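Below are the chains, spelled out letter by letter.
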Amino acid sequence: MDQETSEGTTEVVGPTEWTYRNEVGVGPWEGPWPTDDRYDPELLEHGDRRNVVDAYRYWRREAIVADLDERRHPFHVAIENFQHDHNIGTVVRTANAFAAAAVHIVGKRRWNRRGAMVTDRYQHLHHHPQVSGLVDYATERGLTIVAVDNTPGAQPVETVRLPRECVLLFGQEGPGLSEDAQQAAELVVSIAQFGSTRSINAGVAAGIVMHTWVRQHADLSAAWGAHSSIPSDS
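Starting afresh in each chain, residues are numbered from 1 along the sequence in its written order. Where local features are concerned, this predicted model is filtered to residues with pLDDT of at least 70; where side-chain atom pairs are given and counted, the filter is 80 or more; whole-chain, interface and lining totals use all residues. Computation of side-chain values covers all heavy atoms of the structure but excludes hydrogens and water.

**Details of the packing of aromatic side chains**
For clarity, the threshold we go by: Note on ring pairs: Phe, Tyr and Trp rings are taken, using the six-membered ring of Trp, and paired if centres are within 6.5 Å. Classes follow the plane angle, with under 30 degrees stacked, over 60 edge-to-face and the rest tilted. Starting at the N terminus, helices and strands are each numbered in turn, a helix being any DSSP run of H or I of at least four residues and a strand any DSSP run of E of at least two. Exposure categories follow from relative accessible area, calculated using a 1.4 Å probe and restricted to protein chains: below 20% of the type maximum is buried, above 50% is exposed, and the middle band is partly exposed. By the criterion adopted, a ring carries a charge over it if an Arg CZ or a Lys NZ lies within 6 Å of its centre and within 35 degrees of its normal.
Applying the stated rule across the entire model yields five aromatic pairs. Relative to Tyr39, the ring of Trp29 has its centre 5.9 Å away and its plane inclined at 75°; by these criteria the two rings are edge-to-face. Here Trp29 is found in the loop between strand E2 (10-12) and helix H1 (41-46), whereas its partner Tyr39 is found in the loop between E2 and H1, with 10 residues between them in sequence. Residue Trp29 shares its accessibility class with Tyr39, and that shared class is buried. Seen in terms of ring centroids, Tyr56 and Trp224 are 5.6 Å apart; in terms of plane orientation they differ by 80°. Their pairing is edge-to-face. Here Tyr56, found in the loop between H1 and helix H2 (61-69), pairs with Trp224, found in the segment after helix H6 (202-217); they are 168 residues apart in sequence, far enough to count as distant. An aromatic cluster is built from Trp29, Tyr39 and Tyr58, whose rings are joined through pairwise contacts. Seen from the ring of Trp224, Arg71 lies directly overhead, with NZ or CZ sitting 4.1 Å from the centre. Over the ring of Tyr137 we find Arg141, and its NZ or CZ is 3.6 Å from the ring centre.

See below:
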């Protein structure tokens, strides 16, 4: 959103996380309040310090989710959680950044939300006790399940074309994908590695593959950015 400086000039800013301010967000709204019902009176009065891009400053959570629903991409992300994987929060946060349609937790319902940095409030989440539930969900919606694992026969994600409508399925840190998950996948991709480690962090792997999908399918002109146009408040 446009912000007026003390000198009276108008400054177009990107996400506040990208600036060198001492604190994230903005203070109380200055001037007449907007009448648009997307705005939250409490945030207008006290300021908005949430981890959201500036285009959503002062908006109600429900309004942000509704707007995101118009922007979401047709890929889903799933991660197994049979051993309380601590990477799930990171996966959720990254899925939110890339506007994934939804995140699916397969296995235990409870997961460590700290790494999500509250982005789970804006992201559609689904739980499946077993892999079979995820398979049913994907089949009903025509989604291709793409497993990510460095196993024999996997295709390099650097060279393969990912399906546009798909579920990107990740295993747990350490054991990787379960046998059921491997059998459910219609496509298995791997990430090229060149160092001594046998695997990389599950949260990092998820970010790499999601970004591969974005590079192949997303409209980059619709991304938030320091030089992109920001919706006006009028």
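On we go from here.
**Observations concerning the sheet that holds strand E6 (residues 144-148)**
Put simply, the rule is: Following DSSP output, two strands are said to pair if at least two bridges run between them. Contacts between residues were defined by any pair of non-hydrogen atoms, one from each residue, lying within 4.5 Å. Between N-to-C directions, angles cover 0 to 180 degrees, with each direction set by a line fitted to C-alpha atoms, over the stretch in contact for helices.
Sheet architecture is open: seven strands sit in the order E5-E4-E3-E8-E6-E9-E7, paired in parallel fashion. What marks the edges here is a single partner per strand, and that holds for strand E5 (125-128) and strand E7 (155-156). Where E6 and strand E9 (residues 187-190) come together, three bridges link them in parallel fashion. Among the inter-strand pairings, Val148 is bridged to a residue of E9, identified as Val189. In this fold H6 packs onto strand E3 (75-81), E6 and strand E8 (166-170), with an angle of close to 160° to the strand it touches most, E8.

**Examining the layout of surface pockets**
We count it as follows: A pocket, in this scheme, is an open set of points on a 1 Å grid over the protein atoms alone with protein on both sides within 12 Å along at least 5 of 7 lines, while a cavity is a set where a 1.4 Å probe fits but cannot get out; residues line either one if an atom lies within 4 Å of a point. Grid points are joined across faces, edges and corners, and a volume is the space filled by probe spheres set on the points. Each residue is assigned to one of three groups, with Ala, Val, Leu, Ile, Met, Phe, Trp, Tyr, Cys and Pro labelled nonpolar, Asp, Glu, Lys and Arg labelled charged, and all others, Gly among them, labelled polar.
A volume near 880 Å³ is recorded for the largest pocket. In terms of lining residues, the largest pocket is bounded by 30 residues, among which Val53, Asn96, Ala97, Phe98 and Trp224 are the most central. Listing elements by their share of the lining of the largest pocket, those giving two or more residues are H2, helix H3 (88-97) and H6. Here the lining of the largest pocket is composed, by residue class, of 17 nonpolar, seven polar and six charged.

**Considering the environment of Ala97**
The residue Ala97 is located in helix H3 in this model. Residues Ala97 and Gln123 lie 26 residues apart in sequence; the distance between their C-alpha atoms is 9.8 Å.

**A short note on the pairing of strand E4 (residues 102-107)**
Of all the six residues making up E4, six are buried; the element is thus mostly covered by neighbouring parts of the structure. Summarising the sheet, E4 and E5 pair through four bridges and their orientation is parallel. Each bridged residue has a counterpart across the sheet, and for Val103 the counterpart in E5 is Leu125.

**Some points on the environment of Gly153**
Residue position: Gly153 is located in the loop between E6 and E7. Judged by its relative accessible area of 75%, Gly153 is exposed.

**Some remarks on H2**
Within H2 the residues assigned to the buried category are Ala63, Ile64, Val65 and Leu68. Buried residues in H2 make contact with H3.

Keep in mind these values describe shape, not function.
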